[in-house]
Protein chains: 4
Amino acid sequence: MNESKNANSAKPAANSMWGGRYANSPSEIMERINASIDFDRRLYRQDIAGSKAHCEMLIAQGVIASDDGAAILGGLDAVLAEIESGDFEFKTALEDIHMNIEARLKELVGDAAGRLHTARSRNDQVATDIRLWVRDAIDSLDSQLKALQEALIAKAETHAGDAMPGFTHLQPAQPVTFGHHMLAYVEMYGRDRARLADCRKRVNESPLGAAALAGTSFPIDRNMTARALGFDRPLANSLDAVSARDFALEFLAAAAICASHVSRQAEELVIWCAPQFGFIRLSDSFSTGSSIMPQKRNPDAAELARAKAGRIYGALTTLLVVIKGLPLAYGKDMQEDKEPVFDATDSLSLMLAAMAGMVSDMTVAPDALRRALADGFPTATDLADWLVRVLDMPFRDAHHVTGTLVGVAEAQGVALDALSLDAMQAVEPRITQDVFSVLSIDASVASRTSEGGTAVELVRQAAAAARERFL
Amino acid sequence: MNESKNANSAKPAANSMWGGRYANSPSEIMERINASIDFDRRLYRQDIAGSKAHCEMLIAQGVIASDDGAAILGGLDAVLAEIESGDFEFKTALEDIHMNIEARLKELVGDAAGRLHTARSRNDQVATDIRLWVRDAIDSLDSQLKALQEALIAKAETHAGDAMPGFTHLQPAQPVTFGHHMLAYVEMYGRDRARLADCRKRVNESPLGAAALAGTSFPIDRNMTARALGFDRPLANSLDAVSARDFALEFLAAAAICASHVSRQAEELVIWCAPQFGFIRLSDSFSTGSSIMPQKRNPDAAELARAKAGRIYGALTTLLVVIKGLPLAYGKDMQEDKEPVFDATDSLSLMLAAMAGMVSDMTVAPDALRRALADGFPTATDLADWLVRVLDMPFRDAHHVTGTLVGVAEAQGVALDALSLDAMQAVEPRITQDVFSVLSIDASVASRTSEGGTAVELVRQAAAAARERFL
Amino acid sequence: MNESKNANSAKPAANSMWGGRYANSPSEIMERINASIDFDRRLYRQDIAGSKAHCEMLIAQGVIASDDGAAILGGLDAVLAEIESGDFEFKTALEDIHMNIEARLKELVGDAAGRLHTARSRNDQVATDIRLWVRDAIDSLDSQLKALQEALIAKAETHAGDAMPGFTHLQPAQPVTFGHHMLAYVEMYGRDRARLADCRKRVNESPLGAAALAGTSFPIDRNMTARALGFDRPLANSLDAVSARDFALEFLAAAAICASHVSRQAEELVIWCAPQFGFIRLSDSFSTGSSIMPQKRNPDAAELARAKAGRIYGALTTLLVVIKGLPLAYGKDMQEDKEPVFDATDSLSLMLAAMAGMVSDMTVAPDALRRALADGFPTATDLADWLVRVLDMPFRDAHHVTGTLVGVAEAQGVALDALSLDAMQAVEPRITQDVFSVLSIDASVASRTSEGGTAVELVRQAAAAARERFL
Amino acid sequence: MNESKNANSAKPAANSMWGGRYANSPSEIMERINASIDFDRRLYRQDIAGSKAHCEMLIAQGVIASDDGAAILGGLDAVLAEIESGDFEFKTALEDIHMNIEARLKELVGDAAGRLHTARSRNDQVATDIRLWVRDAIDSLDSQLKALQEALIAKAETHAGDAMPGFTHLQPAQPVTFGHHMLAYVEMYGRDRARLADCRKRVNESPLGAAALAGTSFPIDRNMTARALGFDRPLANSLDAVSARDFALEFLAAAAICASHVSRQAEELVIWCAPQFGFIRLSDSFSTGSSIMPQKRNPDAAELARAKAGRIYGALTTLLVVIKGLPLAYGKDMQEDKEPVFDATDSLSLMLAAMAGMVSDMTVAPDALRRALADGFPTATDLADWLVRVLDMPFRDAHHVTGTLVGVAEAQGVALDALSLDAMQAVEPRITQDVFSVLSIDASVASRTSEGGTAVELVRQAAAAARERFL
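Counting of residues starts from 1 at the beginning of each chain's written sequence and follows it residue by residue. Starting at A for chains and at 1 for ligands, labels are handed out in the order in which the entities are written. Totals for whole chains, interfaces and linings use every residue, but because this is a predicted model, local features are given only for residues with pLDDT of at least 70 and side-chain atom pairs only at 80 or more, for both listing and counting. Only hydrogens and water are set aside when side-chain values are computed; all heavy atoms of the structure are taken into account.

Once that is clear, we can look at the overall build of chain A. Every helix listed is a DSSP run of H or I at least four residues long, and every strand listed is a run of E at least two residues long, numbered separately from the N terminus. Across its full length, chain A carries 18 helices and six strands. Computed over C-alpha atoms, the radius of gyration of chain A comes to 30 Å, more than 25% over the 23 Å expected from 2.2 N^0.38 for 471 residues, which places it beyond the range of a compact globule. Taking the principal axes of its C-alpha atoms as reference, chain A extends roughly 100 × 55 × 40 Å. Buried residues are those whose accessible area, probed at 1.4 Å on protein chains only, stays under 20% of the maximum for their type, while exposed residues exceed 50% and partly exposed ones sit between those limits. When burial is assessed residue by residue, chain A has 69% of its 471 residues classed as buried. Contacts between residues were defined by any pair of non-hydrogen atoms, one from each residue, lying within 4.5 Å. In chain A, 73% of the contacts between residues at least 6 apart in sequence involve partners at least 24 apart. Surface accessibility in these figures is a Shrake-Rupley result with a 1.4 Å probe; residues are shielded only by whichever protein chains are displayed. Surface accessibility of chain A: about 13000 Å² in total, with carbon and sulfur atoms responsible for 49%. His is not counted, nor are the chain ends, whereas Lys and Arg count as positive and Asp and Glu as negative. By convention, the point assigned to a charge is CZ for Arg, NZ for Lys, CD for Glu and CG for Asp. Side chains of chain A carry 47 positive and 63 negative charges; the gap between the two charge centres is 2 Å. In this setup the radius of gyration rests on C-alpha atoms only. A globule is expected at 2.2 Å times the number of residues raised to 0.38.

This is how it looks when you write it as structure tokens:
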């Protein structure tokens, strides 16, 4: 394929992937399959923080001399500064972020650098790094989810009283308010936040000090490093500490579930801005045109938010498969944990940002919502409930009578509240004029006063309560 | 294919699945794709409990008359008794468990039965049923996980002092004890229990009273039904209540992660009972023979436990895909939530039972574990650590010297502690006789006294602590 | 959980055949995890066919005596008749379909039955059975796909001339005809058939005679059994023959891809029968009502067809995970191949039947299609193309001018062909009256005469060609 | 998280992913979620080839003037040269590879560039590009698979006569030869090649000329562009042409199945180089050390090859989910097809290269293979078969007698052929000295002469045949 270097610069591994290149150079293949620096460089900050905590503990415990320790700490800060300023040269030959940093440390501080790796292994080091990274990702995603909830609650407040068809099976079912609909998503994203918070508890335990797999004979203090890094506690078993990746699986699962919520809302946005629905209009910022059709106004961001759920599901699948059937303790397979975690985090972050942006910017069309209520007899349930409440019919009988009346209205091509009383009494003689008090859209909405229902006042209260609970 | 009815009796849907049959009868196809009674009958107990709670609330709130209510409650008890005694006839024509029960209720108590469905819908009913079922499944799986932990802790206590090679990359790495290895799994299963417990919080909220999607105009008391069914609270938004399935996704994710742990341990059991390893012998109960090879003793249960992880991953994938892009509120797609939940629960339950049985029954071979320590220089790290500690070498230098000494030993075909002091000093003159104090297996194990390490006394303490924490 | 036996009767427990060999009775757990008779009974016909072919070959090769062989053949026919008549008692204690049949054979014909298993193993036996089953499933699904194509082509012929909005991003893009849209699916399902046919080539090779894994010392004739069972040839390597399951993976992948097509079409049906679209009306047979909302007419079958894609994806995931990292040759993990294959086949068969039924029965609403063309300026591309063709504008400039004109029309609230020539010339003075010849829906459709385009005559030709190619 | 630009340079999208950044700038979010240039730049060669073919056709059909056409063609060559030399500046603001190239073309050749997009759309353009890319990827992977087969066949030839235990359930089953085992994988990879070849047929059809979705009114020649690009034919339906992605799904499925084969072989390599097995030794090039354990020699490449199966499964899951439920025609969701296709191709290419390298370089240890045959009574089946053949026992009886004799040998701690004739006759008096002729490993192997069996001569023939069939 001979793709040019330039074209592949975003993905350096790709340009030499093809057949013949490998024939004479097993070591090149090995370097390519083995090196992780292209992606684990994202752990540089966590890696340096972990090394500093480890070094300070080694000093405190007298395992390394203070002056060596000071040199290491200063050197690590220098490396951090180099990376953040863009002056650091990452080398594939050094395989991973840990060795890149340690090699540079040695250049900067000399032999003392060799003492940093006392009483630890890359096995506990990488487990520490990735846990710290996932913890930060959780905190960041939590902020984004909160911002999205805020956008939804604001929309709910603005449109607490705007009636629209509530759908089941994408068929009009009963009137609800637009605000009520927005608040349903506030609940979903609230549970996503709770899931991430629960996951965080299991992420936030320290593997550091497990060394390769068995612990170490050096007199280390695992509680000290755990505290320094903000972990809740050291993990209790050294074999488990280096081989566990269930924290990453749980994170990916929480991300996938959250993505399923985004995909549901994105689907609704796509449907709602089809002209046949016309419930909303996305802002220019979140619409795109066509290279061929000049009139197009496409909800690309919503479609991509929907699609990226697939990507996060894929990341979860990836890591579940990697972990399946893996004996203890560390195996190189585990190196494949990072890219799915990174990609799922990036994707979900982007999905949440796009969804918050679309919700904030979109224009709701109350008139279109109201017009849509003309279709599908959405107050039929209200009629049935009236028959139960006023005429004391068993619900099943009321359901049957209502079905008949819907058939009559459909044949006449009118809404239920446009049927004459005569026409109704022809079906059920006991029906009175009072029935019309429940057949309007507004009456229907107003009647849904059961806890969690869509009555306008309840929606306003729910929005206020959501502010309390989530923001 | 014309499979006989008898051959397919376990899966009644299968026997008429083939092409031609459908040509003339759309309604038959519709019944077959639509009916759920073949699997949702497993919800009968939850459905009846939910109906009783709903009925009692309707009575209390004056929505239905006491005598009607009493008839319904009595009738529901009668239906329950019929089902549990095997006298109930499930009918596919009645589509699902809800209608099967309601239809029978009507036969038993007459018109009053028609009042039960007042102020509810199948949408909130089925959401209630499946939440109750998942809650029970979580409690049951928690018990099984606890039993498995107990079996592992008992094995850990018995073999707290039996050294074995700890592996990384399936290569001998450092000595650990068999007990320490067992306790690593105790930690994993402990986190699985914590995950299920966290999931339970989100499962245990009541959708009942959301009705179809919008709430109801009847003066219901959702807190009363929630309390009666042991839910923590009613769900806050009626649209969310009927369309949320993230609780089921979270349950499947927790099951999948737990299954990954079982698969890892199962892989180890399979490897350990290969004669090349011979670390354990499974009991007769958990071994099988071959139809052709009379000498075989196969770890079928371990293999199946490993394989069924795939099945649970598949169930998770299924529901994630079903939910993707689904607009609110209820869609029939959601009917596909039950079979993956049921199958994953059954599979995981069986995996945990089999694993607990295998662990309890297996015979550990301490001699084989010890023999295996002769391979692979598992105390090389101890030598390197001695160089650091006693000679004050930087670890990186010590690592290099040790590598050279391993090469010498490998060339001589002996273990590290069988090298002569002369041979060692030829590589590093400062090495003294004292080095041999760290080169034995037992010395290595004894030295791993860092928190969470494999020193025998720590393993005993960890086993005791695990009893406290988990049992 | 304590579900009653009755409620669980669809999933009974198991037993074991290995009792005699071992000191202790196999535990109930082992029986339950190990037995496969609950699902592999579906292989009874394939198993008997394979045994008969094997027996006839053993006779022909002189491995067993003719009278023994005749007894076995007669016995196998008798067993088949018993199963098909429903008189056969399947026993979980006998573990699987193979042993159930062999045990019954022994009851029927005595000791001769013991000679049937000469020169084979359950490993090659089960691989043969499942390949035969998958081959039959492929043939059956192919018939169903053909029937679905036929329904689609018929609809395409009826509505070859009915214009509708073609959508991209669920936004109106350009006019197409309903027939053209139907034929797009004919192409997809045609490729699904081709995929299944290609898969069939790899399914249809015979493992029989590989014995346990190494071949056999008996003078068997693998070509004879292969021919007898309709296989194309024996598999070339005995280890591969018993451990390969890629044929099943490929089948599941083809099923999953086909299911993705069904899910796409199902999504469209769901959207199209929302009243906002109203493009089609599903027949009563494929619509359902609501337990609470008497007016509902829900497209449940379409939703279930869409959802079951998830189930088939899940089956594929399951088997991919089961196979991952499995060493040669047979492992018990492979027993987990059957249920995903069976379930995916049943699900896809039902999806295809439902889709064919829905398509055949649905009523298309040409008026609604035509009305929908009023929205979204679907002939904007025609305007741009006119500017290119007649005024020789570069397309990019024409695209820009058209965008401006769409903006003018939008501001006026009219369709493009309702703009005055003056208004057009205000934007681009060279526009002439001739432009209106391309701005009508019918002119637009008629102009799309490029190969594969939507011009009515081309659609009619394409439908005729599809009949030739596929039916 | 504030990751530095430098640290993220491999993944430019990542460095600004976090929350606060988005608050004020919806358009930035939109650019980030919408732009594809970071990954679709890999399509530059295919995109330019497609544009050239389209341009030449437009000239030939008289749609654009020859001089404009010549300018475009020359400009496209110049762009290609710029990209391949690394001088091209890709701009995110230009969104994708198509617009990047067209914008540069306009800079180079002026207004004529605007005529290139006549009679096409990005919808058919991107579908063309990705099909061409996948076709190339298939061809490249086919070469790699062939190279891997060649390495395996060479190993099979060298070790055609080296006996080893054939395993089932990871328990010794019957002797096979190492060559036979290698050839099992040759079969699997051969089917992978066949699958890719079949997939290629469905990839290699041309969407070009479908335009946005409906075809075009320009007098294009789709056969001409199809031929120019090496496609077999134009796709028959314009809607299908732009919305089909089943070719990519099929490619990912074939890749996933192939990856499952690699994972199986990788698992065996990992197990085989554990010292407990010691069947092979990987070369230095494919082994790695440890940061803490100086003696380690880890099979990292095999582990990564095993793990990356998960990644490819994940890519397949991703795209299956993206496509699920997507209405026609093009939706932006489809932009998510590229990264999984690219990543799966890169991963599989690397896995195959690594596997070929490991197989070529590994050292097989025939002595270790032979020693392993001492365990597990691998000739028990030969004994049973002797009883059938010589004593005319029914196989089931022979199986039983052999089981008893294995028990005797196990109790004595000897192999079967070390039992005395007396000891055998005590179990079955008719056994004669002749039995020992089948109990040796070599006799067992030699006896497996059924087609596809492991007899040494057959293995040699099979290797030769494999050369014929595959190389």
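Across the boundary between the two partners, chain B contributes 84 residues, which contact 84 residues of chain C. Using a 1.4 Å probe, buried area is obtained as the accessible area two parts lose upon being combined, added over both of them. Between chain B and chain C, the buried area comes to about 7100 Å², and carbon and sulfur atoms account for 59% of it. A pair is scored as a salt bridge if a Lys or Arg side-chain nitrogen falls within 4 Å of a carboxyl oxygen belonging to Asp or Glu. Where chain B meets chain C, there are 10 salt bridges. B:Lys332 serves as the salt-bridge partner of C:Asp300, at 3.3 Å between the closest nitrogen and oxygen. Pairing of N or O atoms within 3.5 Å defines a polar contact, subject to two protein rules: one partner must be a possible hydrogen donor and the other a possible acceptor, and residues neighboring in sequence count only if both atoms are side-chain atoms. There are 14 residue pairs in polar contact (both at pLDDT 80 or more) connecting chain B and chain C.

What follows covers the pairing of strand S2 (residues 171–177) of chain A. Residues and elements named next belong to chain A. The element S2 is largely enclosed, with a buried count of seven among its seven residues. Pairing between strands is defined by DSSP: at least two bridges between them are needed. Bridge analysis of strand S1 (residues 163–168) against S2 gives six bridges, and the strand direction is antiparallel. When the bridges of S2 are listed, Met-164 appears paired with Val-176. Between S1 and S2, which pair antiparallel one after the other, the connecting turn spans two residues, and His-169 there sits at a positive phi close to 55°.

Moving on to the relation of the copies chain B and chain C. For this overlay, a least-squares fit was computed on C-alpha atoms, restricted to residues scoring pLDDT of at least 70 in both copies. Screw-axis analysis of chain B against chain C gives a translation of 0.0 Å along the axis, an RMSD of 0.1 Å, and a rotation angle of 180°. Viewed as a symmetry operation, the transformation between the two copies matches a two-fold axis. Nearest to the rotation axis, the C-alpha of B:Gly314 is located 2.0 Å from it, this being the minimum over chain B. The share of interface residues of chain B whose copies in chain C are also at the interface is 89%, consistent with both copies meeting through the same surface.

Of the residues lining the interface, 97 residues belong to chain A; the matching set on chain B comes to 97 residues. The junction of chain A with chain B conceals about 8200 Å² of combined surface from both sides, 55% of it contributed by carbon and sulfur atoms. On the chain A side of the contact with chain B, A:Arg264, A:Leu328 and A:Arg396 bury the most area, a combined 9% of that side's loss. Run the count over chain A and chain B and you get 16 salt bridges. Residue A:Asp246 is joined to B:Arg191 by a salt bridge in which the shortest nitrogen-to-oxygen separation is 2.7 Å. Summed over the shared surface of chain A and chain B, the result is 54 residue pairs in polar contact (both at pLDDT 80 or more). If one sorts the elements of the side of chain A that touches chain B by residue count, helix H7 (residues 178–203) of chain A sits on top with 13 residues. Taken together, the residues of the side of chain A that touches chain B sort by class into 41 nonpolar, 30 polar and 26 charged. Charged means Asp, Glu, Lys or Arg here, nonpolar means Ala, Val, Leu, Ile, Met, Phe, Trp, Tyr, Cys or Pro, and polar covers whatever is left, Gly included.

This part is about the confidence of the model for chain A. Residues and elements named next belong to chain A. Across chain A, the average pLDDT comes to 93, with 95% of residues at 70 or higher. In this model residues 1–24 is a low-confidence stretch, pLDDT under 50, and it forms 70 contacts with partners more than four residues away in sequence or in other chains. Overall fold confidence for the complex sits at a pTM of 0.95, while the interface term, ipTM, reaches 0.94. What pLDDT reports is the predictor's confidence in each residue, on a scale of 0 through 100.

On to helix H1 (residues 26–34) of chain D, then. Restricting attention to buried positions, one finds in H1(D) the residues D:Ile29, D:Met30, D:Arg32, D:Ile33 and D:Asn34. Elements in contact with the buried residues of H1(D): helix H11 (300–323) and helix H12 (338–361) of chain A.

Let us look at unusual backbone geometry. With an omega dihedral of -10°, the bond running from A:Leu328 to A:Ala329 counts as a cis peptide bond. Within the fold, A:Ala329 resides in the loop between H11 and H12. One non-glycine residue with positive phi stands out, namely B:Ala211, at about 55°. Within the secondary structure layout, B:Ala211 lies in the loop between strand S3 (205–206) and helix H8 (222–228). Judged by relative accessible area, which is 1%, B:Ala211 ranks as buried. Even without glycine at this site, D:Asp392 takes up a positive phi of about 60°. When you line up the elements, D:Asp392 lands in the loop between helix H14 (380–391) and helix H15 (395–412).

So, on to the packing of helix H11 (residues 300–323) of chain D against helix H12 (residues 338–361) of chain D. Residue and element names in this part refer to chain D. Two elements in contact, H11 and H12, have axes separated by 9 Å at closest approach and are oriented at 155°. Taken together, H11 and H12 sit at an angle that is classed as roughly antiparallel. When you trace H11 past H12, the crossing you get is left-handed. For the pair formed by H11 and H12, the contact residues are Ala-301, Ala-302, Ala-305, Lys-308, Ala-309, Arg-311, Ile-312, Ala-315 and Thr-318 on the first element and Pro-340, Asp-343, Ala-344, Ser-347, Leu-348, Met-351 and Met-358 on the second. Within the contact of H11 with H12, the residues separate by chemical class into 11 nonpolar, two polar and three charged. Structural elements are reduced to axes, namely lines fitted to C-alpha atoms, with helices fitted over the stretch in contact, and the angle between N-to-C directions of any two is expressed from 0 to 180 degrees. Any angle between 65 and 115 degrees counts as roughly perpendicular, while under 35 counts as roughly parallel, over 145 as roughly antiparallel, and the rest as oblique. Helix crossings get a hand from a simple test, with the near helix turned counterclockwise from the far one by less than a right angle marking a left-handed crossing and a clockwise turn marking a right-handed one.

When their charged atoms lie close together, side chains carrying opposite charge are able to pair. Following the criterion strictly, the structure yields 153 salt bridges over all chains and no others. Between A:Asp442 and A:Arg370 there is a salt bridge, and its shortest N-O distance comes to 3.1 Å. With A:Asp442 in helix H17 (residues 441–447) and A:Arg370 in helix H13 (residues 366–372), this pair connects stretches of sequence that are 72 residues apart. A salt bridge links C:Arg202 to C:Glu250; the shortest N-O distance between them is 2.7 Å. Placement of C:Arg202 in helix H7 (residues 178–203) and of C:Glu250 in helix H10 (residues 246–272) is noted, with a sequence separation of 48 residues between them.

We now examine the side chain of B:Asn298. Here B:Asn298 lies in the loop between strand S5 (280–281) and helix H11 (300–323). Within polar-contact distance, the side chain of B:Asn298 engages the side chain of D:His169 at 3.4 Å. Among all residues touching B:Asn298, those that are not within four sequence positions of it are B:Phe286, B:Ser287, B:Thr288, B:Gly289, D:Thr168, D:His169 and D:Gln171.

The two copies are related by a screw operation: chain A maps onto chain B through 180° of rotation and 0.0 Å of translation along the axis, at an RMSD of 0.1 Å. With an isologous cut-off of 70% or more, the 100% of interface residues of chain A that recur at the interface of chain B puts this contact in the isologous class.

Turning next to the environment of B:Asp198. Looking at the secondary structure, you find B:Asp198 in helix H7 (residues 178–203). Its relative accessible area of 7% is what places B:Asp198 among the buried residues. In this structure, the C-alpha to C-alpha distance between B:Asp198 and B:Glu250, residues 52 residues apart in sequence, is 9.5 Å. Setting aside residues up to four positions removed in sequence, B:Asp198 forms contacts with A:Asp198, A:Lys201, A:Arg202 and B:Glu250.

This part takes up the state of the cysteines. The definition used for a disulfide is geometric: two cysteine sulfur atoms within 2.5 Å. In total, this model carries zero disulfides over all chains according to the counting rule given. Looking at C:Cys258, it has no disulfide partner, and the nearest cysteine sulfur is the one in C:Cys199, 12 Å off. Judged by relative accessible area, C:Cys258 falls into the buried class, the value being 1%. You can see D:Cys273 has no disulfide; the closest cysteine sulfur is in B:Cys273, sitting 20 Å from it. Exposure remark for D:Cys273: the relative accessible area of 14% places this residue in the buried category.

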